[in-house]
Every structure is written in structure tokens, then in C-alpha cells.
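# What the coordinates show
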Amino acid sequence: MSNLVRLPRREEGAPTTPTPEAWSPSQDDPNFAAAYDEALPPAEAVQARDRRGPMRPGRLSPTRRRLDGQAYAWAFQGIDGLWLGVCALAAFVAGGDQAGVYAAPALAVMVTLSLFDLYAFRSRQGLSYHLARTSVAVASGVGAAVLMLAAFLPVAEVLTQLAVWTVAAFLGLYALHALWWLRVRRWRAEGRLTPNVVIVGATKAAERLIGQAMKSGEVNILGVFDDRLARAPDSLRGVPVLGDTQALLSHRIMPYVDRVIVAVPTGAQARVRQVIANLRPLPNEISLLLEDELVPADAISPQHTAPISDLPLARVSGIPRHLGRAIVKRSLDLLIGSLALLIALPIMFLVALAIRLDSPGPILFTQRRQGFNNEEIVVWKFRSMRHDVADANARRQVQADDDRVTRVGRLIRSTSLDELPQIFNVLSGEMSLVGPRPHAIGMMTGDVESARLVAEYAHRHRMKPGMTGWAAIHGSRGPVDTPEDVRRRVELDIEYIERQSVWLDLYIIAMTIPCLLGDRQAVR
């Protein structure tokens with residue numbers, strides 16, 4: 001019995017979204033922010049249309065917007081159960097003699113819906129076929145309940161009492177499953193339901209994985225990279241070979257990739273180690289494909305693997321995903337973020353008025369920063385510098401007595417009031433209340449880009465960036481002027497990611513204001 005919403009490939013005939021060749025997700029114009037999530041990465045330089053591959057969806061969605069099929073299967077199942085329960089209660093209140101007469105078929109129908117695998121929503125099953133299966137499942141459940149109840153009550157009496165309930169239950173489930181099917185189809189067309197992966201290693205094992213994925217539709221394989229590019233073919237079963245492992249590290253498709261699968265033969269241990277070492281700077285989850293003739297099936301421990309298309313994978317790096325923890329964290333962001341916005345609105349109005357009166361230029365300052373999985377997001381702040389010297393790329397970090405900072409800017413930076421507009425980033429899902437602070441893309445520490453100073457720098461992007469964080473309450477705020485500052489910031493961020501919990505988040509939120517007010521030395 002499976003309650004999983006399957007993660008199939010894009011349906012045949014799904015529309016594709018043409019992408020202008022000059023478009024780039026790195027646009028810093030805020031007008032691009034709304035369309036960014038739905039847009040595709042730029043076309044490939046050579047034969048772009050031919051190099052999309054057979055499994056690339058019409059639209060690519062950043063990994064933070066990916067939906068969890070299991071969670072929605074449970075949600076659909078819960079709503080179905082709620083409807084059956086409401087029908088049973090209404091029938092009993094309306095004149096039923098025994099509650100068990102209505103509880104039994106409700107439970108039986110829930111079981112048959114699961115046995116018929118009606119929460120899988122496979123892509124090759126059309127709406128009419130799914131609704132026909134739903135009808136059969138309901139009829140089977142009611143029939144089984146009647147047979148059980150017939151042992152205690154006359155059949156005629158059971159059928160009389162269940163007549164109205166059966167019609168109401170059937171019509172409700174019929175409508176709900178039509179809605180579920182249409183919803184799932186839309187999510188697939190938007191590229192939000194099926195995980196996207198890339199493969200490292202143009203090997204026979206990779207070819208088998210691609211074949212299994214095309215058959216089952218559980219994942220979208222967007223491309224193949226190979227550390228020995230000179231020996232690699234142009235494509236595997238139509239999936240393009242996009243470059244070597246070095247190209248993978250900075251490829252524009254990576255913010256849309258949920259997992260990197262290493263398909264190098266596990267018997268070539270030196271090569272496997274080298275490939276994994278090269279990929280460690282990535283924030284994406286990295287897994288090793290264990291489907292190899294040198295690895296006996298009984299030697300693979302299921303406790304350390306997660307299969308895709310029935311092929312075992314061992315997670316090499318990346319933070320394990322906890323669905324419950326993610327739901328709680330997002331709920332906390334929405335609840336506290338909404339309350340914070342209501343409280344902060346009068347203060348934000350006064351700050352906006354002061355900025356307008358103090359110096360010419362816009363009230364808000366937008367900056368491209370790196371979010372979850374290296375996704376480029378547009379972060380909002382109150383403008384604290386003169387508009388003519390605004391530094392959107394943080395090529396020169398703010399120093400003490402910086403002549404670019406306005407009079408109002410000094411006040412709002414010292415109190416962190418300039419960060420208040422980021423509440424909107426939190427509510428939109430691009431940021432969280434607590435997490436590593438988002439850095440500007442291309443931020444410099446001295447004459448060196450900050451990201452190049454620490455090999456694990458991108459690991460801080462394994463979680464959504466936050467308005468405050470573990471590093472912030474430990475004094476690592478504002479500019480990072482030296483390599484030591486960068487290393488300390490990264491260490492604190494990774495420590496938070498490894499320890500993250502709802503209680504730690506609440507502690508950090510509670511400590512943020514006292515830490516800000518008590519710190520008069522940090523340049524902000």
C-alpha cells in the first residue's frame with residue numbers, strides 16, 4: 001500500500017515556456033523578482049533547444065519551491081477521511097440508530113482508497129481513469145462494510161440506512177479526487193512536484209538510471225557531467241552531457257537541482273574519492289549510486305540508502321530533509337513574521353519618511369543575494385547610503401565612518417532597522433526568520449571574493465537565509481573584512497544548520513534584540 005504522490009516526468013504534450021536568450025536569473029532589477037521563480041535558466045550556448053533533454057520540464061522551479069509528494073498524499077488522504085467522517089456524523093444525527101453503521105463503511109472506504117493506490121496520481125493515468133478507479137474503490141469499501149454489518153443487522157436495514165450516506169460520500173470523493181488530480185497535474189507542469197537531479201559520470205550505470213527514470217517518471221534528470229569529458233559522449237539516451245565536474249560547480253542550472261548523483265563505478269575508489277572531493281563545495285545533496293556489479297546487493301545497507309527508480313543511493317553530503325521540521329519552521333516564519341509585520345508597520349512608515357526627507361533617491365534598496373541552494377534572490381532593505389554611490393554588488397563593504405552612509409542611514413544601520421523590509425522576503429518564502437545571513441553575490445573581502453576564502457562557503461546555503469541567526473547573536477554581524485572573519489561566519493552558520501531545531505530558532509529570536517542593543521562595536 002502506498003500513499004505517495006508519484007514524482008513522474010513531465011506529461012506528454014505539456015507546454016514549454018520559451019526563454020529569451022538574453023534573459024538571466026541574475027537580473028538585479030526588482031521587476032524581475034516576481035517572474036524569477038517561474039522562468040527558465042538561459043538557453044545553452046550551443047543548440048539550446050536540442051540540449052534540453054527528454055526529462056527537463058517545461059518550467060524549472062527553484063528547489064525551495066519543490067513540493068513533497070508524501071506530505072500532499074497525506075493531506076489528500078486526511079481531507080478524504082474528514083469528508084467521510086462528516087457524512088457519517090450527519091447521517092447519524094439525522095436519524096441513525098447506531099454510529100457503527102456509518103463508521104464501518106467510512107473506515108472501509110479509506111482502506112480501499114489506499115489499496116487501490118489512489119493517492120499515487122501517476123502521470124500516465126488520465127482523469128477519467130482515476131475517477132473510474134475511485135468509483136470502484138468506494139463501491140468496494142461500501143460492499144465490504146455491508147458484508148461485515150450483515151453479520152449483526154438485517155441486510156435490508158443496513159442498505160436503507162447507508163443509502164443516503166453512500167450517495168453523499170461518493171459525490172464528495174468524486175469531486176475531491178477530480179480536484180486532487182487537476183492540482184497534481186498543474187504542479188507537474190510547473191516543475192514543482194518531481195525532483196530534479198544531475199548525474200556525474202557518463203557511465204553504463206548512469207545510462208541504466210536514466211532508462212529507469214524515463215520508465216518510472218520518479219525524477220527528472222536534467223543533464224550529465226563527467227570528470228573525463230574528453231571520453232564522454234554528447235548525450236546519454238537523449239540527456240545532454242553539459243560539461244565536466246568543474247563546470248558543474250558554477251552551472252546556472254544548479255539552483256534548480258535537488259540532488260547530484262555520482263554514477264562513477266564504485267570499484268574505482270580513487271576516482272570516486274576525487275569526484276566527491278571536487279563536489280563537496282556544492283550545497284546540493286550528493287549521493288553515490290551503488291548499482292554496480294562490484295557491489296553485491298546483500299552488501300547494501302537499507303539504513304544508509306534511499307532508492308530512486310529502485311536503484312540504491314547512499315547520501316555522501318548534504319543535510320537530511322526532515323519534513324516535519326520544515327513544516328514547523330515555515331509555520332513559525334509565517335506566524336511570527338506576520339505578527340512582526342503588524343508591529344513594525346508604524347516604525348517602517350517613520351523610517352521611510354525620514355529617508356525621503358534626508359536624501360534624494362528611492363526609499364528601498366534591492367540587492368541580489370544568494371539564498372537556499374545558491375538560488376539568486378532579491379533582498380529588500382531600507383536605503384542607508386547615498387543613491388549615487390549605491391553598491392549593489394558589495395564590492396566595497398561598509399566601514400566605520402563610511403562617507404557613503406547618510407545621516408538617517410547611520411541610525412537605521414546601527415539599530416538594524418534597515419533590515420525590516422526583509423520581513424516580506426520571509427513571508428514570500430525566499431528567506432526565513434532564522435538562518436545564515438544572505439550575502440551579496442560577488443561580495444569582496446579585501447581584493448578576494450569572499451566565497452573563495454573558505455571551501456565550505458556554499459554549505460551555508462543548505463538552508464534558507466535568515467533575518468537573524470546563530471552567527472548574528474555571537475557577534476558575527478556586518479561586514480567580513482578579513483579571511484578570519486569569513487571563516488568564523490561560515491563555521492557559525494554551519495554549526496547552526498547542523499543543530500537547527502524549533503527551540504534553537506526561538507532562542508535565537510529571543511536573543512537577537514538584546515544582542516543588537518548590547519553591541520556598539522560592530523560596524524553595521
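Throughout, a residue's number is its position along its own chain's written sequence, starting from 1. Where local features are concerned, this predicted model is filtered to residues with pLDDT of at least 70; where side-chain atom pairs are given and counted, the filter is 80 or more; whole-chain, interface and lining totals use all residues. To get the side-chain values, all heavy atoms of the structure are used, and hydrogens and water are removed first.

## Some details on helix 12 (residues 483–499)
In this model, helix 12 (17 residues) spans 24 Å end to end at C-alpha, consistent with the 24 Å of a helix rising 1.5 Å per residue. Using a 1.4 Å probe on the protein chains alone, a residue whose accessible area is under 20% of its type maximum counts as buried, one over 50% counts as exposed, and one in between counts as partly exposed. Secondary structure is summarised from DSSP: a helix means a run of H or I of at least four residues, a strand means a run of E of at least two, and numbering begins at the N terminus for each. Residues of helix 12 that are buried include every one of V486, R489, V490, L492, D493, I494, Y496 and I497, and no others. Multiplying 1.5 Å by the helix residue count minus one yields the expected span of that helix.

## A closer look at the pairing of strand 1 (residues 196–200)
Strand 1 sits mainly inside the fold: five of its five residues count as buried. Handedness of a crossover is defined as follows: with both strands directed away from the viewer, a clockwise route from the first strand across the helix to the second makes it right-handed. Where the polypeptide runs from strand 1 across helix 6 (residues 204–216) and back to strand 2 (residues 220–225), its parallel neighbour, the crossover connection is right-handed. Strands pair, by our definition, only if DSSP identifies at least two bridges between them. The pairing of strand 1 with strand 5 (residues 259–262) spans four bridges and is classified as parallel. If you follow I199 over to strand 5, its bridge partner there is I261.

## Some details on the confidence of the model for the chain
The predictor attaches a confidence to each residue, called pLDDT, with possible values from 0 through 100. Confidence in the prediction of the chain, expressed as mean pLDDT, is 82, and 83% of residues score 70 or more. Working rule for contacts: check all heavy atoms of both residues, and any pair within 4.5 Å makes them a contact. Contacts of residues 1–50 to residues separated by more than four positions or lying in other chains number 117 contacts, the stretch itself having pLDDT below 50.

## Brief notes about the nonpolar core
As a rule of thumb, soluble globular proteins bury nonpolar side chains together. Judged by nonpolar contacts, the single largest core of 34 residues is most densely connected at F76, L84, Y102, V109, L113, L162 and W165. Only helix 2 (69–93), helix 3 (100–115), helix 4 (127–149) and helix 5 (155–189) provide two or more residues apiece to this core. Examining the composition of this core, we find that 10 residues originate from one element, helix 5, more than from any other. When near neighbours in sequence (up to four residues on either side) are disregarded, L84 contacts A106, V109, M110, W165, A169 and L173. Judged by nonpolar contacts, the second largest core, of 23 residues, contains V200, L242, V275 and L282. Each nonpolar core is a collection of buried residues, namely Ala, Val, Leu, Ile, Met, Phe, Trp, Tyr and Cys, held together in the definition by side-chain atoms within 4.5 Å.

## Quick notes on the packing of helix 2 against helix 5
It is at 10 Å that the axes of helix 2 and helix 5 come closest, and there the two elements cross at 160°. Relative to helix 5, helix 2 is oriented roughly antiparallel. As helix 2 runs across helix 5, the sense of the crossing is right-handed. Residues Y72, F76, I79, D80, W83, L84, C87, A88 and A91 of helix 2 pack against W165, A168, A169, G172, L173, L176, H177, W180, V184 and W187 of helix 5. Classifying every residue of the contact of helix 2 with helix 5 by side-chain character gives 16 nonpolar, two polar and one charged. Helix axes are fitted only over the stretch in contact, all axes being lines through C-alpha atoms; the angle between N-to-C directions runs from 0 to 180 degrees. Note on angle classes: values under 35 degrees are labelled roughly parallel, values over 145 roughly antiparallel, values of 65 to 115 roughly perpendicular, and the remainder oblique. Crossings are sorted by hand: turned counterclockwise from the far helix by less than a right angle, the near helix makes the crossing left-handed, and turned clockwise it makes it right-handed. Residue polarity is assigned by list, with Asp, Glu, Lys and Arg as charged and Ala, Val, Leu, Ile, Met, Phe, Trp, Tyr, Cys and Pro as nonpolar; anything else, Gly included, falls into the polar class.

## Considerations on the side chain of R368
Within the secondary structure, R368 sits in strand 8 (residues 364–370). In this structure R368 comes out as buried when scored by relative accessible area, which is 15%. Distance and chemistry together define a polar contact, namely a pair of N or O atoms within 3.5 Å, with one atom able to donate a hydrogen and the other to accept it when in protein, and with adjacent residues in sequence counting only for side-chain atoms on both sides. At 3.3 Å, the side chain of R368 forms a polar contact with the side chain of E376.

## Notes on a nonpolar patch on the surface
Together, L335, L339, L342 and L345 make up a nonpolar patch on the protein surface, roughly 410 Å² of accessible area in all. Within the element layout of this structure, L335 appears in helix 9 (residues 323–358). Patches here: salt-bridge-free residues with over 30% relative accessible area, like charges joined within 9 Å, nonpolar side chains (Val, Leu, Ile, Met, Phe, Trp, Tyr) joined within 5 Å. Note on areas: Shrake-Rupley with a 1.4 Å probe; residue coverage comes only from the protein chains shown. Just to be clear on terms, a salt bridge is a Lys or Arg side-chain nitrogen sitting within 4 Å of an Asp or Glu carboxyl oxygen.

## Section: helix 4
Helix length check: helix 4 (23 residues) gives 33 Å between terminal C-alpha atoms against 33 Å at 1.5 Å per residue, within 8%. All of the buried residues in helix 4 are H130, L131, R133, T134, A137, V138, G141, V142, A145, V146 and L149. In the core, the buried residues of helix 4 are packed alongside helix 3 and helix 5.

## A word on the packing of helix 3 against helix 5
Look at helix 3 against helix 5: their axes get within 11 Å of each other, and the N-to-C directions meet at 30°. Viewed along their axes, helix 3 and helix 5 adopt a mutual orientation that is roughly parallel. You can see that helix 3 and helix 5 cross each other, and the crossing is right-handed. Two secondary-structure elements touch here, helix 3 through V101, Y102, P105, A106, V109 and L113 and helix 5 through Q161, L162, W165, L173 and H177. Among the residues forming the contact of helix 3 with helix 5, the class breakdown is nine nonpolar, two polar and no charged.

## A few points about the packing of aromatic side chains
The criterion for an aromatic pair is that two Phe, Tyr or Trp rings (for Trp, the six-membered ring) have centres within 6.5 Å, with stacked assigned to planes under 30 degrees apart, edge-to-face to planes over 60 apart and tilted to the rest. Scanning all chains against the criterion turns up six aromatic pairs. Ring geometry for F76 versus F121: centroids 5.8 Å apart, planes at 75°, classification edge-to-face. In this pair, F76 sits in helix 2 while F121 sits in the loop between helix 3 and helix 4, placing the two residues 45 residues apart along the sequence. For the residue pair F76 and F121, the accessibility class agrees, reading buried in each case. Centroid distance F170 to Y174: 5.5 Å. Interplanar angle 40°. Geometry classified as tilted. In this pair, F170 and Y174 are both assigned in helix 5, four residues apart and thus about one turn of the helix distant. Among the aromatic residues, ring-to-ring pairing joins Y72, F76, F121, W180 and W187 into one connected group. Directly above the aromatic system of Y457 lies the positively charged group of R460, at a separation of 5.6 Å from the ring centroid. Geometrically, a charge over a ring is one whose NZ (Lys) or CZ (Arg) sits within 6 Å of the ring centre while staying within 35 degrees of the ring normal.

## Re the pattern of salt bridges
Within this structure, the stated rule accounts for 19 salt bridges. Two residues, R259 and E285, come together in a salt bridge whose shortest N-O distance is 3.7 Å. With R259 in strand 5 and E285 in strand 6 (residues 285–289), this pair connects stretches of sequence that are 26 residues apart. When its relative accessible area of 16% is taken as the criterion, R259 is described as buried. By relative accessible area, E285 is classed as buried at 15%. The closest approach of N and O atoms between R452 and E449, which form a salt bridge, is 3.8 Å. Taken together, the shared-partner salt bridges connect K381, D418, E419 and R437 into one network.

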